[in-house]
Amino acid sequence: MKPRLLLGCLLGLGTLSSIASAEPYKLAVLPDIQYYYNNYQPGNYAKLLSQMRWLAEHTESDNLQLTLQLGDITQNDNNVHQWTGARAAFDLLNDRMPYVLAVGNHDGVDNGRVSYFPRPEYFGPGSPYATQETVGGSMVEGDLANSYHFIDTGERTWLVLTLEWAPRDAVIDWADEILSRYPEYRTILITHGYFFRDNMRYDYQLHYHEYNGSQGNPKEYEIIANDPEGANDGQDIWRKLVKKHPQVALIYSGHVGSNGVGRRLSIGSQRQVVRERLTDFQGWTGSGNGWMQTLKLTPEGDEALVETFSPYLDEEIFDPDLHYQFPFFEDVLPASRAAALAEAAPDYHFNLLGQSARRPMRNEGSLSDGYYLFTRLEEGQSHELRGGQVVKGNVVTPTANWTLATWVRLDASMLDMPYGLEIAKLGGVQAFTHPTAEGASLQIQVDAHAVVTDAFPLQANRWYFLALSHGADGLDVYLDGERIGQSETPVTLGETSMLKLGSVDFSGEIADASLFHRTLSMQELQRIRLAAFTEVQAGQITLGAQNSTDATSLPGFSFAPDGTGRANVRRTERSYLRYGGNGVFDQIKWMDDPLHYTDGVLLATPRGKLQDGVLASVGVDRAYRDSFNGFHHGLRSGLSLEAHNTGGGAFTPVNTTVSYAFFPFASGFTAGQIGIDGVLIEENNLPTDAAEPVGNLGAVRIAPEVLDVRGGLLFATPGNADSQIVTVGQDAEGTAYFYPLDSYRDHSVAAGVGSFGFVYLPGDTPELIGGTFDGLQNSAVQQFGEATVTREDTGVYRIDVPEGLGEATLLLNAMTPDADASYSEMADNHLVYEAVDAQTYRVYVYDLPARTPEDSVFNWALVPNDRAFQPRPTLPAAEQQLSQYVPDLGYVSPPWSYSPNWGWVFATDWPWAFVQDHGWMWFEPTDEAHICWMWDSRQQRWYYLNAAYWPWIHSGETDWVYYLP
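The structure displayed is predicted, hence computed values, not measured ones.

A. Local environment of the pattern of salt bridges. Going through the model one piece at a time under the given rule, you end up with 40 salt bridges. Here Lys26 makes a salt bridge to Asp62, at a shortest N to O gap of 2.9 Å. One end of the pair, Lys26, is in strand β3 (residues 25–30); the other, Asp62, is in the loop between α1 (44–57) and β4 (64–69), and 36 residues separate them in sequence. The exposure class of Asp62 is buried, given its relative accessible area of 18%. Between Arg113 and Glu164 there is a salt bridge, with the nearest N and O atoms lying 3.8 Å from each other. With Arg113 in the loop between α3 (109–112) and β6 (135–140) and Glu164 in the loop between β8 (157–163) and α4 (169–181), this pair connects stretches of sequence that are 51 residues apart. The class of Arg113 is partly exposed, set by a relative accessible area of 21%.

B. How the structure looks around empty space enclosed by the protein. Inspection of every chain in the model, using the stated rule, returns 15 cavities of 30 Å³ or more. The space that makes up the largest cavity amounts to roughly 220 Å³. Those elements that provide at least two residues to the lining of the largest cavity are β34 (600–606), β35 (616–628), β42 (712–718), β43 (724–730), β50 (808–816) and β51 (829–837). Looking at the lining of the largest cavity residue by residue, the classes come out as 13 nonpolar, eight polar and no charged.

C. Inspection of the nonpolar core at higher detail. Ranked by size, the top nonpolar core spans 55 residues in total, and within it Leu55, Ile73, Phe90, Phe117, Phe123 and Leu295 carry the most contacts. Broken down by element, the residue count for this core peaks at six residues, all from α1. In contact with Leu295, not counting residues within four places along its chain, are Tyr25, Lys26, Leu27, Val29, Leu250, Tyr252, Ala304, Leu305, Val306 and Phe326. One finds Leu410, Val429, Leu499 and Tyr576 within the second-largest nonpolar core, a separate group that totals 44 residues.

D. How the structure looks around the side chain of Gln526. For Gln526, the position within the fold is in helix α9 (residues 522–530). Among the polar contacts made by the side chain of Gln526, one reaches the side chain of Arg529 at a distance of 2.9 Å. When near neighbours in sequence (up to four residues on either side) are disregarded, Gln526 contacts Arg275, Pro327, Phe329, Asp480 and Gly481.

E. Seen up close, the sheet that holds β43. Pairing is mixed in the open sheet, where eight strands are placed in the order β40-β41-β44-β43-β50-β54-β46-β47. The two strands at the open ends of the sheet, each matched to only one other strand, are β40 (691–694) and β47 (779–784). Within the sheet, the average angular offset between the axes of one strand and its neighbour, ignoring direction, is 30 degrees. The pairing of strand β41 (residues 699–702) with strand β44 (residues 736–742) spans three bridges and is classified as antiparallel. Pairing of Ile702 across the sheet is with Ala736, part of β44.

F. Focus on the sheet that holds β42. Taken together, four strands build an open sheet; the order of strands is β39-β38-β45-β42 and the sheet is antiparallel. With partners counted over all chains shown, the strands left at the sheet margins are β39 (680–684) and β42, one partner each. Sheet twist, expressed as the mean angle between neighbouring strand axes with direction ignored, is 15 degrees. Where β42 and strand β45 (residues 756–762) come together, seven bridges link them in antiparallel fashion. Bridge pairing links Leu714 to Tyr760 in β45.

G. The arrangement of helix α2 (residues 80–90) in detail. The complete set of buried residues in α2 reads Gln82, Trp83, Gly85, Ala86, Arg87, Ala89 and Phe90. Where α2 is buried, its residues touch β3, α1, β4 and β5 (99–101). By the N-cap criterion, in which a side-chain oxygen at the helix start approaches the backbone nitrogen of a residue two or three places on, α2 is capped by Asn79, the distance to His81 being 3.0 Å.

H. Representation of the pairing of strand β26 (residues 474–479) within the structure. With six of six residues buried, β26 is to be regarded as a mostly interior element. Summarising the sheet, strand β25 (residues 463–471) and β26 pair through six bridges and their orientation is antiparallel. Looking at β26, one finds that Leu468 is bridged to Val477. Counting the residues in the hairpin turn of β25 and β26 gives two residues. Note that β26 and strand β27 (residues 482–487) share five bridges and pair antiparallel. For Tyr478, the partnering residue across the bridge sits in β27 and is Arg483. Taken together, β26 and the strand that follows it, β27, pair antiparallel across an intervening segment of two residues, in which Asp480 is found at a positive phi of about 55 degrees.

I. Up close: the pairing of strand β11 (residues 260–267). Among the eight residues of β11, eight are classified as buried, and the element is accordingly described as predominantly covered. Taking every second residue as pointing to the same face, both faces of β11 are buried, with Gly260, Gly262, Arg264 and Ser266 on one and Val261, Arg263, Leu265 and Ile267 on the other. Here β11 runs beside strand β12 (residues 273–280); their pairing, made up of eight bridges, is antiparallel. Within β12, the position partnered with Gly262 by the bridge is Leu278. Hairpin geometry of β11 and β12 is characterised by an intervening segment of five residues between the two adjacent antiparallel strands and by a positive phi of about 70 degrees at Arg271.

Conventions used here
- Numbers given to residues run from 1 along each chain, matching the order in which its sequence is written.
- For a predicted model such as this one, the threshold for reporting local features is a pLDDT of at least 70, and the threshold for listing and counting side-chain atom pairs is 80 or more; totals across whole chains, interfaces and linings nevertheless cover every residue.
- Only hydrogens and water are removed before side-chain values are computed, so all heavy atoms of the structure are retained for them.
- Here a salt bridge means any side-chain nitrogen of Lys or Arg lying within 4 Å of a carboxyl oxygen belonging to Asp or Glu.
- The way it works is that DSSP assigns letters per residue, a run of H or I at least four long becomes a helix, a run of E at least two long becomes a strand, and they are numbered from the N terminus.
- Three exposure classes are used, based on accessible area relative to the maximum for each residue type with a 1.4 Å probe and protein chains only: buried under 20%, partly exposed in between, and exposed over 50%.
- The distinction between a cavity and a pocket rests on a 1 Å grid over the protein atoms alone: a 1.4 Å probe fits inside a cavity but cannot get out, while a pocket stays open yet meets protein on both sides within 12 Å along at least five of seven lines, and a residue with an atom within 4 Å of a point counts as lining.
- Grid points are joined across faces, edges and corners, and a volume is the space filled by probe spheres set on the points.
- Residues are grouped as follows: Ala, Val, Leu, Ile, Met, Phe, Trp, Tyr, Cys and Pro are nonpolar; Asp, Glu, Lys and Arg are charged; all remaining types, including Gly, are polar.
- Nonpolar core, defined: a set of buried Ala, Val, Leu, Ile, Met, Phe, Trp, Tyr and Cys residues in which side-chain atoms within 4.5 Å join the residues together.
- Any two residues whose heavy atoms approach within 4.5 Å at even a single point are treated as in contact.
- N or O atoms closer than or at 3.5 Å make up a polar contact, with two conditions inside protein: a donor-capable atom paired with an acceptor-capable one, and, for residues adjacent in sequence, both atoms drawn from side chains.
- Two strands qualify as a pair provided that DSSP identifies no fewer than 2 bridges between them.
- Axis lines are fitted through C-alpha atoms, for helices just across the contact stretch, and the angle between N-to-C directions can take any value from 0 to 180 degrees.

In structure tokens, the structure reads:
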């Protein structure tokens with residue numbers, strides 16, 4: 001079948017003009033069917049036939065457009081009886097609906113490498129399968145084990161790519177060529193072995209560390225591992241193929257067997273969203289008992305409902321890991337949360353991060369109507385919202401179509417209460433915590449009546465994206481982009497409503513709130529949420545502090561400290577884990593997906609100088625130790641921070657404060673992950689073979705033809721849980737060098753290559769403040785942004801940065817300016833720092849293993865915790881003028897600070913002043929010293945204000961007026 005041309009393509013992902021009446025349609029997913037040949041239980045073949053008959057009988061009624069079979073079509077190595085049975089079963093679909101098959105490891109000898117699949121009597125040349133009109137082509141003529149198919153649903157054409165089990169290198173190259181040839185078609189990829197039940201790809205790289213154990217990875221099969229033509233597991237397929245092609249939207253695999261359910265959302269290097277799925281029910285009671293799935297899609301194919309059911313049992317499962325919705329995207333994600341909000345254009349947007357809730361919150365949305373949120377001070381009742389009080393105020397609200405979205409994080413103390421606590425409110429709609437025996441969950445109330453209660457407990461110190469979307473069908477409630485419930489009763493709001501963030505006993509953070517005067521779809525809400533995964537994030541965390549108030553980050557990911565100098569790093573992506581001994585595995589646990597080394601690079605710097613024999617080093621381990629609610633899942637692939645003492649106290653866990661900065665690959669920075677063999681295992685903006693080990697002490701090199709690090713800054717952090725550090729270097733040609741070494745040995749002794757992650761910051765990075773400082777010469781080698789570095793003592797340096805940046809992470813790395821393959825005297829220098837105040841940092845350099853102060857050359861960069869490397873918001877003109885009129889915004893001199901008749905002018909609220917009986921007023925400075933304009937919100941009028949004439953004020957309309965209330 002020739003692919004039809006697309007009209008109106010956007011970034012290569014478009015839709016067809018309709019050739020049929022627009023209506024929902026379904027795609028069916030048929031996992032491993034290998035046990036349905038009476039091998040294990042008489043009558044099993046009837047279960048396969050029940051699936052096929054259901055598909056054939058529901059082709060028209062359910063508008064079934066496609067069936068995907070995920071491999072292991074048979075069980076016993078080219079068994080003629082089983083291949084004959086498979087052919088007979090799929091013949092029921094011929095001329096009814098198209099189907100695409102994957103070849104599994106049981107579908108032939110040599111673990112599927114030599115299969116009967118392409119024989120003409122089964123699924124080879126001349127067979128009904130091979131002659132379907134939907135077949136676009138194959139790698140080998142007549143063999144559809146590696147092939148592509150075009151599925152026309154009327155509203156769009158999908159490309160379906162099927163790859164053999166453990167695809168050989170040539171197969172990956174062929175698939176890359178196909179995807180490059182057809183970038184305009186949204187693509188589904190199926191292959192037998194890609195995903196594991198812990199929501200992670202098969203990844204043999206981590207097997208080096210024995211993190212994964214035996215999981216059925218293709219490379220654990222001897223014949224596959226020794227295949228002279230190569231073999232690729234799930235991570236290889238992602239790295240070499242999927243992440244490069246933005247049209248790949250969905251990946252399905254089987255193979256795992258018992259407990260074979262998993263799902264993850266990944267973001268490719270071009271900020272494309274990829275849904276990865278494991279579906280395999282063969283280990284369930286009755287060899288699978290006919291369980292299968294369908295995806296019900298909207299006519300445009302932009303949203304899918306996953307349904308899991310068994311035609312054989314005539315049953316359906318509604319558990320959240322087997323019955324859920326997700327959107328597809330026609331476009332790649334915005335580059336930041338700010339960009340996503342600008343795209344969505346909320347009518348109101350209030351940003352609380354980095355601001356005090358004690359001053360009115362200016363509306364940053366598209367609606368300019370003079371409404372602002374402000375604090376209602378309730379003495380002894382209001383709990384602080386990160387430096388402020390409960391925020392509330394009136395906003396214009398439409399009565400029919402509206403959406404409220406907010407990021408919120410709750411402290412553990414809030415979730416331990418025996419009663420519900422209010423999180424947010426809009427008119428009569430309220431979000432509460434709801435205490436249960438298993439922990440507090442989210443509840444939505446309308447006019448004090450519960451309408452939606454989530455089934456899973458909320459987690460402390462974890463960001464949630466909560467959205468309430470109201471339209472003609474009622475109120476939809478979304479948590480982390482998934483619809484968790486709906487109230488079909490319309491909610492009536494007035495022309496204006498009170499918007500309230502926080503409550504009397506609220507304990508936590510609210511990052512922002514957006515109100516839209518329209519109903520947002522799941523797709524639009526997910527784009528806003530997922531944009532947080534694409535931006536650089538920075539912050540601080542105290543390891544070992546289970547309920548530490550700084551154990552947080554910006555929306556996007558969070559931490560789980562365990563009290564022993566380590567913390568798992570979690571993506572705030574709502575997912576589920578099913579487990580049990582056998583049967584349907586009806587034990588389900590909610591969890592967050594681990595942040596994975598393939599998502600980006602996490603850099604970290606210890607805070608605190610040598611004290612009481614403790615000098616901490618920090619590593620970013622690639623293992624995630626997961627234990628929750630009495631169920632221990634064990635080691636998983638994922639990032640965790642681990643701090644150890646150095647020198648003679650190495651390998652002793654240290655509970656210390658750590659600054660971190662996470663650079664998603666989707667943020668666009670050149671970055672990479674180095675494995676223990678000294679080569680790249682994941683990268684962005686680099687070829688896969690860019691790094692190589694050099695010398696005999698474990699150094700790693702990247703040639704300048706690939707990455708010229710002159711004019712920029714290089715940073716690295718160890719990629720394991722050992723007591724290690726990594727220093728960086730460069731030579732005159734711009735070659736990058738890395739020196740991983742143990743923190744308890746002298747530089748002249750190395751234990752071999754250590755794993756690590758690195759990021760390169762070019763000098764033209766927007767908002768970059770940093771540089772290279774030569775402590776031996778007491779001079780800056782290079783400088784970016786406004787800052788000064790001075791040497792205070794041997795190995796002690798002071799960094800002064802401009803005001804107004806707020807909290808920030810300081811990245812530090814010892815740097816060898818004339819690097820080669822050998823370790824220099826400075827290679828084993830370790831850097832830590834202390835934040836003296838908001839504008840001053842003190843850096844300490846220690847020579848290891850003695851931990852004595854030593855001067856060094858080092859790279860440094862400041863990463864603001866809020867809006868890291870994103871354009872800073874422009875202050876209104878009045879505030880820019882005020883910064884000249886009152887240089888220190890934290891203090892305003894009398895008589896502006898207080899008037900017995902007018903009330904207080906709070907210094908942190910300037911240029912706002914709360915006037916008794918008049919509310920909040922804005923004082924705009926003029927060019928003349930000590931003169932301001934005052935806006936009277938009640939009379940909607942500007943007044944000229946001069947301290948010399950107080951309390952007389954003046955306007956062109958009123959002349960001079962005596963204005964004491």
